[in-house]
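The residues making up each chain are set out below.
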Amino acid sequence: TMNQKKVEVRYYTRTGNTKKLADQIAGSIGCEAHTLDFPLPEKTDILFLGASIYGANIDKNIKDYIHSLDPAKIGKVVVFSTSALVERAFPEIKKHLVARGISVASDDFYCRGQFTLLHRGRPNSQDLIDANKFAVKILKEN
């Protein structure tokens, strides 16, 4: 069952879009979402890691965070992200995780994020429902 797995949610956000997803995912799997400065427990089976794309790249804070992770303590990372434009954070984040020897789930969750006048109201209620389903599915499969 879900309860036997140690599942954590961490995220980095500048605009609050990724926090909305993080809170939704955490709520759907029965844990709390925290920012990157909140330490991980001794062992984490599944780490949901949330980020955004800013100016076609992932934020330095996310890169630094990935490089600070102990591969021995993490079973698998599941990525979720938002962006205003087309780029997804997933390939870039995955590249950094794999370089650290950390396993990454092949499925990631992505939705649009509001930025100035673009995508007003996103992530919206449907995005949150989808994030919910995604998180539950990941836990069933892992």
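Source: prediction; values computed, not measured.

This part takes up the overall build of the protein chain. Within the protein chain, the secondary structure is distributed over four helices and six strands. The N-to-C order of helical and strand elements in the protein chain reads β-α-β-β-β-α-β-α-β-α. For 142 residues, the compact-globule estimate of 2.2 N^0.38 gives 14 Å, and the C-alpha radius of gyration of the protein chain, at 14 Å, lies within 12% of that figure. Taking the principal axes of its C-alpha atoms as reference, the protein chain extends roughly 40 × 30 × 25 Å. Every one of the 142 residues in the protein chain was classed for burial, and the buried ones make up 44%. Within the protein chain, residue pairs in contact and separated by at least 24 positions form 76% of the contacts whose partners lie at least 6 positions apart. A total of about 7,200 Å² of accessible surface is found on the protein chain, and carbon and sulfur atoms cover 52% of it.

As a further point, take a nonpolar patch on the surface. Side chains of Leu85, Phe115 and Leu118 sit close together on the surface and give an oily, nonpolar patch of about 290 Å² of accessible area. Examined against the element boundaries, Leu118 turns out to sit in the loop between strand E6 (109-112) and helix H4 (125-141). Residue classification places Leu118 among the partly exposed positions, given a relative accessible area of 35%.

Below, the discussion takes up the nonpolar core. In this structure, Val9, Ile25, Ile29, Phe48 and Phe80 are the most contacted members of the largest nonpolar core, which totals 22 residues. Looking at this core, the elements with two or more residues in it are strand E1 (7-11), helix H1 (17-29), strand E3 (44-54), strand E5 (74-83), E6 and H4. Sort the elements by how many residues they give to this core and H4 lands first, with six residues. In this view, Ile29 contacts Val7, Val9, Phe48, Ala135, Val136 and Leu139; residues no more than four positions away in its chain are not counted. With 21 residues, the next largest nonpolar core counts Leu47, Leu69, Phe90 and Leu97 among its residues.

Pairing is possible between side chains of opposite charge, provided their charged atoms come close. According to the stated counting rule, one finds nine salt bridges in the structure shown. With a shortest N-O distance of 2.6 Å, Asp23 and Lys19 are connected by a salt bridge. One end of the pair, Asp23, and the other, Lys19, are both in helix H1, four residues apart, so they sit about a helical turn from each other. A relative accessible area of 36% places Asp23 in the partly exposed class.

The next subject is helix H3 (residues 90-99). Of the positions making up H3, those classed as buried are Phe90, Ile93, His96 and Leu97. Projection of H3 onto a plane perpendicular to its axis shows the buried side chains occupying an angular sector of 135 degrees, all on one side. Counted as exposed and oriented over 90 degrees from the buried face of H3: Pro91, Lys95 and Ala99. The elements touched by buried residues of H3 are E3, strand E4 (57-58), helix H2 (60-68) and E5. Positive backbone phi, at 80 degrees, marks Gly101, one or two positions downstream of H3.

So, about the confidence of the model for the protein chain. Counting all residues, the mean pLDDT for the protein chain is 89, and 95% of those residues have values of 70 or more. Mean pLDDT across the secondary structure elements of the protein chain bottoms out at E4, with 79, and peaks at strand E2 (residues 33-35), with 98.

Calculation rules
- Residues numbered from 1 in each chain as written.
- Predicted model: local features only at pLDDT ≥ 70, side-chain atom pairs only at ≥ 80, totals over all residues.
- Heavy atoms only, no water.
- Helix = DSSP H or I, 4+ residues; strand = E, 2+ residues; numbered from the N terminus.
- Rg over C-alpha atoms; globule rule 2.2 N^0.38 Å.
- Buried < 20%, exposed > 50% of the residue type's maximum accessible area, 1.4 Å probe, protein only.
- Contact = heavy atoms within 4.5 Å.
- Areas by Shrake-Rupley, 256 points an atom, 1.4 Å probe, with all protein chains shown as cover.
- Patch = residues over 30% accessible without salt bridge, like charges linked within 9 Å, V, L, I, M, F, W, Y side chains within 5 Å.
- Salt bridge = Lys/Arg side-chain N within 4 Å of Asp/Glu carboxyl O.
- Core = buried A, V, L, I, M, F, W, Y, C linked by side-chain atoms within 4.5 Å.
- Arc of directions from axis to C-beta.
- pLDDT = per-residue confidence, 0-100.

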